[in-house]
Amino acid sequence: MRFRHPDGSTVHLAYCTNVHPAETLDGVLAQLRDHCEPVRRRLGRDRLGIGLWLAKDAAHALVTDPAALRGLRCELERRGLEVVTLNGFPYQGFGTGEVKYRVYKPDWADPERLEHTTALARVLAGLLPDDVPDGSISTLPLAWRTAYDEQRAQTARTALRTLAERLDALRELTGRSIRVALEPEPGCVVETTRDAIAPLTAIAHDRVGICVDTCHLATSFEDPGTALDDLARAGVPVVKSQLSAALHAEQPHLPEVREALAGFAEPRFLHQTRTATAAGLRGTDDLDEALGGDTLPDAAPWRAHFHVPLHAAPTAPLTSTLPVLKSVLSRLVGGPRPLTHHLEVETYTWQALPPALRPRGRSQLADGIAAELTLARDLLTDLGLKELP
């Protein structure tokens, strides 16, 4: 979906396909048919943006076979879909029964992360619509925080500088400008937007910036205005933003609140949980750990890294952090010029929701994704952007 900002530039809105992950190119083609095109049809649009997730094997097939890349581009056009952004965070296995800590491997100290992201950039340059010169790729925030020493930090910085040089060369070769965005996430080396400033200014290249995920920002209790002001002062570009909402519990000490939270503790993904105390941010790596004892103080609200559908907040006594998303979006695109032109709805946890809230089959999932995009569209038009055909 495209929108005209009052300054005349185009803002792109997509939804991320990691909600129906596929490991192979055939799987990607099937998800375009079975999921993405039905969402477009529900929205009554001739064109829909998708934030494509390409696992290792699918990316390799595309970057080594020009005919396969041309075939994917033709299939996107045939189904009324377009790609201006990729989700390069998960490497493989995002559809397995237990993802948890594996999603952070390989990290930026591993050469395979550089090679995979380079492949994604080459693929994206071949998929961009003819009238769109710029693409974006979100990636993990360096590494999970444990076993990350100065030597690995230096290796990661070197890898990102090498990537930036490769992206420069790609621009010269193809005329397409691809940028990569570190996506702060609780528990990682770069947990918050503030944590991103030092490594990104050390890399000091405009092809490497930040992806502001509104669920992650809210989980860490960051103030949107302060976060974005700090990035602007440091000269860190917001390459893209993922529009998502976290799980919020206002009174986690109450038994009924803990019971409701327990319904969201599940075995597939990590749901890092945080609370803001007078001594600073406190947290656990997963929701069941927070619920399992007195590890996490419960005198103040908790937030959990669980991407809940934007249009359907959990029932009381839980809520979502949709107000944080709205505040971030207002700052990103509500001003005289957009701070980013790439927005991506990223609710990948539909099948991890409590059973009563899960979609039953493809049709209900498509309905839910379309409803999320409709909400995001309405937020953008309320900010003065004009929806384009």
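Keep in mind that this is a model prediction, so the values were computed, not measured.

Visitor: I'd like a rundown of the pairing of strand S6 (residues 177-182), residues and numbers included.
Guide: Here S6 lies mainly inside the structure; 5 of its 6 residues are buried. Considered for its hand, the β-α-β crossover made up of strand S5 (residues 134-139), helix H5 (residues 150-174) and S6 is right-handed. In terms of strand pairing, S6 meets strand S7 (residues 208-213) through 3 bridges, oriented parallel. Paired with Leu-182 across the two strands is Ile-210, which belongs to S7.

Visitor: Tell me about helix H4 (residues 111-127), and please be specific about residues and values.
Guide: Under the 1.5 Å per step criterion, the end-to-end length of H4 is 25 Å for 17 residues, consistent within 8% with the ideal 24 Å. Burial of H4 is extensive: 12 of the 17 residues sit out of reach of the surface. Of the residues making up H4, those classed as buried are Arg-113, Leu-114, His-116, Thr-117, Thr-118, Ala-119, Leu-120, Ala-121, Val-123, Leu-124, Ala-125 and Leu-127. Among the residues of H4, the N-terminal cap falls to Asp-110, whose side-chain oxygen and the backbone nitrogen of Glu-112 are separated by 2.9 Å.

Visitor: Explain empty space enclosed by the protein to me, and be specific about the residues and the numbers.
Guide: Considering all chains together, one arrives at 5 cavities of 30 Å³ or more under this definition. When its volume is computed, the largest cavity comes out at roughly 180 Å³. Every residue lining the largest cavity is counted, 20 residues in all, and those nearest its centre are Phe-94, Val-103, Glu-185, His-305 and Tyr-348. Residues that form the lining of the largest cavity fall into these classes: 9 nonpolar, 6 polar and 5 charged.

Visitor: Break down the environment of Gly-44 for me, with residues and values.
Guide: Relative to the helices and strands, Gly-44 resides in the loop between helix H1 (25-43) and strand S3 (48-52). The class for Gly-44 is exposed, based on a relative accessible area of 65%. In this structure the C-alpha to C-alpha distance between Gly-44 and Pro-297, which are 253 residues apart in sequence, comes to 47 Å.

Visitor: Summarise the environment of Ala-198; cite the residues concerned and give the values.
Guide: The topology assignment puts Ala-198 in helix H6 (residues 193-203). Residue Ala-198 is classed as exposed on the basis of its relative accessible area of 52%. Note: C-alpha distance between Ala-198 and Glu-344 (146 residues apart in sequence) is 25 Å.

Visitor: Can you lay out the pattern of salt bridges for me, pointing to particular residues and giving the numbers?
Guide: Enumeration according to the criterion identifies 28 salt bridges in this entry. Its salt-bridge partner being Glu-82, residue Arg-2 comes within 2.8 Å of it at the nearest N-O pair. With Arg-2 in strand S1 (residues 2-4) and Glu-82 in strand S4 (residues 81-87), this pair connects stretches of sequence that are 80 residues apart. Note that Glu-82 and Arg-47 form a salt bridge whose closest N and O atoms lie 3.9 Å from each other. Here Arg-47 lies in the loop between H1 and S3 and Glu-82 lies in strand S4, a separation of 35 residues in the sequence. The buried category is assigned to Glu-82, whose relative accessible area is 7%. Here Arg-47 falls in the partly exposed class, since its relative accessible area comes to 25%.

Visitor: Could you give me a rundown of the pairing of strand S12 (residues 302-308), with the residues and numbers involved?
Guide: Summarising burial for S12: 7 of the 7 residues are buried, a large majority. By the bridge criterion, 4 bridges tie strand S9 (residues 245-249) to S12 in an arrangement that is antiparallel. Bridge pairing in S12 places Ala-245 opposite Val-308. As defined by bridge partners, strand S10 (residues 273-277) adjoins S12 across 3 bridges and the pair is classed as antiparallel. The partner of Arg-274 across the bridge, within S12, is Arg-303.

Visitor: Give a detailed account of the packing of aromatic side chains, specifying residues and quantitative values.
Guide: One pass over the full model with this rule turns up 8 aromatic pairs. On the numbers, 6.0 Å between centres and 55° between planes, the contact of Trp-53 with Phe-94 is tilted. Here the residue Trp-53 occupies a position in the loop between S3 and helix H2 (56-64), and Phe-94 occupies one in the loop between S4 and H4, the gap between them amounting to 41 residues. There is no split in this pair, since Trp-53 and Phe-94 are both buried.

Definitions and limits used
- Residues numbered from 1 in each chain as written.
- Predicted model: local features only at pLDDT ≥ 70, side-chain atom pairs only at ≥ 80, totals over all residues.
- Heavy atoms only, no water.
- Buried < 20%, exposed > 50% of the residue type's maximum accessible area, 1.4 Å probe, protein only.
- Helix = DSSP H or I, 4+ residues; strand = E, 2+ residues; numbered from the N terminus.
- Right-handed = clockwise from strand over helix to strand, strands pointing away.
- Pairing = 2+ DSSP bridges.
- Expected span 1.5 Å × (residues − 1).
- Polar contact = N/O pair within 3.5 Å; in protein donor to acceptor, adjacent residues only side chain to side chain.
- 1 Å grid on protein atoms, 1.4 Å probe; cavity = no way out; pocket = protein on both sides within 12 Å on 5 of 7 lines; lining within 4 Å.
- Points joined across faces, edges and corners; volume = space filled by probe spheres on them.
- Nonpolar A, V, L, I, M, F, W, Y, C, P; charged D, E, K, R; others polar.
- Salt bridge = Lys/Arg side-chain N within 4 Å of Asp/Glu carboxyl O.
- Phe/Tyr/Trp six-rings, centres within 6.5 Å; stacked < 30°, edge-to-face > 60°.

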